[in-house]
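An overview of the molecular structure
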Amino acid sequence: MKQLPLKSLAAATLLALAAQSATAVDRSTPREARTLFDQAVKYMEANGPERAFVAFNDRSGQFVHKDLYVFVIDDKGVYQASGAAPEALVGLTVLNTTDAAGNPLFREMIDSTRVTPEATVRYMWLNRVTNKVEPKVSYVRKIGGYVLGVGYSAPRANADDARAMLDRAVALAHSEGHAKAAAAFNDRRGTFVKDDLYVFMVNLGSGKFEAMGMNPALSDTDASGLADAEGHKIVAEMIEKLKSADSATVDYVWRNPVTNRVEKKRSYVRRDGDSLIGVGHYME
């Protein structure tokens, strides 16, 4: 029987363990991940590595929350702690293990924290809750000879998700008026900002943002001159298309607020009175 290469075997082990750990719990937010990360860093700095590893490996302890957990690897890429599956992962060497896209994520964690004590690493990984490969973001910090991290799953919304949010946004604008709708769209803790989905609204007369869920500070600023990473004036194109139609689709490249990468995006826009309301999704 042919044996798997070591790094492939390690990856398969990690994915299997993640799948076995799947439970029906709520998905955590980036804010919750950051809070747990900060707490774990403070705990390890105050109590030392050995005591911290015990705490982090306690699956019923304070450092496992919803689908979040703390992990620690040493500078050789050996797991010292993992709230996901400590019995199986602690002691496993993962230095050359790659993610689902072939990127050496653990090596990147070690290398990036040699340059600066704290870093953010993005990769593709199996979500132990949904049992699906999804974008994941981990906050990592070097503490002595170790790298401590906490990661959260950053799922991609699809076309149906975007259109469904747009339906809700237009319905709200119809029923409550544009002023109340704009306030709801700009509420980053509300129902119109979710993962990489958000609503934007532009006044067709002035060309100014009335709402921008990704960055509410852009409200009342010029939108018509806004260009994407390739120089295309995307809002101007949206406005032009709505001169002869009630709805339109525009493709462009834009920074994904979840992955923090410039990616292809498709936005669906509709005319509602004197405003353009839109929602877009990022395409792999």
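Residues numbered from 1 in each chain as written. Predicted model: local features only at pLDDT ≥ 70, side-chain atom pairs only at ≥ 80, totals over all residues. Heavy atoms only, no water.

- In the annotation of an unreviewed UniProt entry, the entry for the protein reads Chemotaxis protein, and the organism field reads Aromatoleum petrolei.
- Among the UniProt annotations of the protein, the heading Subcellular location (unreviewed entry) holds the following wording: "Cell membrane". (UniProt positions renumbered as here; feature names shortened; annotations may be inferred.)

1. Remarks on the overall build of the protein
- Check the secondary structure of the protein and you find 8 helices and 12 strands.
- Of all intrachain contacts in the protein linking residues separated by at least 6 positions in sequence, the fraction that spans at least 24 positions is 53%. (Helix = DSSP H or I, 4+ residues; strand = E, 2+ residues; numbered from the N terminus. Contact = heavy atoms within 4.5 Å.)

2. So, the pattern of salt bridges
- Taken as a whole, this structure holds 12 salt bridges when the rule is applied.
- Between D38 and R34 there is a salt bridge, with its nearest N and O atoms 3.2 Å apart. Taken together, the residues span about one helical turn, with D38 and R34 both in helix α2 (residues 30-47) at a distance of 4 residues.
- The partner of D160 in a salt bridge is R163, with the nearest N and O atoms 3.2 Å apart. Taken together, the residues span about one helical turn, with D160 and R163 both in helix α6 (residues 159-176) at a distance of 3 residues. (Salt bridge = Lys/Arg side-chain N within 4 Å of Asp/Glu carboxyl O.)

3. Concerning the layout of surface pockets
- By volume, the largest pocket is sized at about 720 Å³.
- Residue lining of the largest pocket: 25 residues in total, with T29, P30, R188, V193 and D195 positioned closest to the centre.
- Breaking the lining of the largest pocket down by element, the ones donating at least two residues are α2, β4 (118-126), β5 (133-143), β6 (146-153), β7 (193-194) and β8 (197-203).
- Here the lining of the largest pocket is built from residues that sort into 12 nonpolar, 6 polar and 7 charged.
- Quantified by volume, the second largest pocket comes out at close to 180 Å³.
- Contributing to the lining of the second largest pocket are P155, R156, A157, N158, D161, A164, M165, R168, K194, D195, D196 and L197.
- For the lining of the second largest pocket, the leading source of residues is α6, giving 4 residues.
- Here the residues of the lining of the second largest pocket sort into 5 nonpolar, 1 polar and 6 charged. (1 Å grid on protein atoms, 1.4 Å probe; cavity = no way out; pocket = protein on both sides within 12 Å on 5 of 7 lines; lining within 4 Å. Points joined across faces, edges and corners; volume = space filled by probe spheres on them. Nonpolar A, V, L, I, M, F, W, Y, C, P; charged D, E, K, R; others polar.)

4. Regarding the packing of α2 against helix α3 (residues 49-56)
- Between α2 and α3, whose axes approach to 7 Å, the crossing angle comes to 140°. Regarding the angle of α2 to α3, the classification is oblique. Crossing angle aside, the handedness with which α2 passes α3 is right-handed. In this structure, α2 contributes A40, Y43, M44 and N47 to the contact, and α3 contributes P49, R51, A52, F53, A55 and F56.
- Looking at side-chain class alone, the contact of α2 with α3 contains 8 nonpolar, 1 polar and 1 charged residues. (Axes fitted to C-alpha atoms, helices over the stretch in contact; angles between N-to-C directions. Parallel < 35°, antiparallel > 145°, perpendicular 65-115°, else oblique. Left-handed = near helix turned anticlockwise from the far one by under 90°.)

5. Overview of empty space enclosed by the protein
- Per the stated rule, a full pass over the model turns up 3 cavities of 30 Å³ or more.
- Put simply, the second largest cavity is a space of about 80 Å³.
- Every residue along the wall of the second largest cavity is listed here: Y198, F200, F209, M212, L226, I234, V235, M238, Y252, W254 and K265.
- Mapped onto the lining of the second largest cavity, the elements with two or more residues apiece are β8, β9 (209-212), α8 (234-241) and β10 (247-255).
- Per-element tally for the lining of the second largest cavity: the top contributor is α8, with 3 residues.
- For the lining of the second largest cavity, the residue count by class is 10 nonpolar, no polar and 1 charged.

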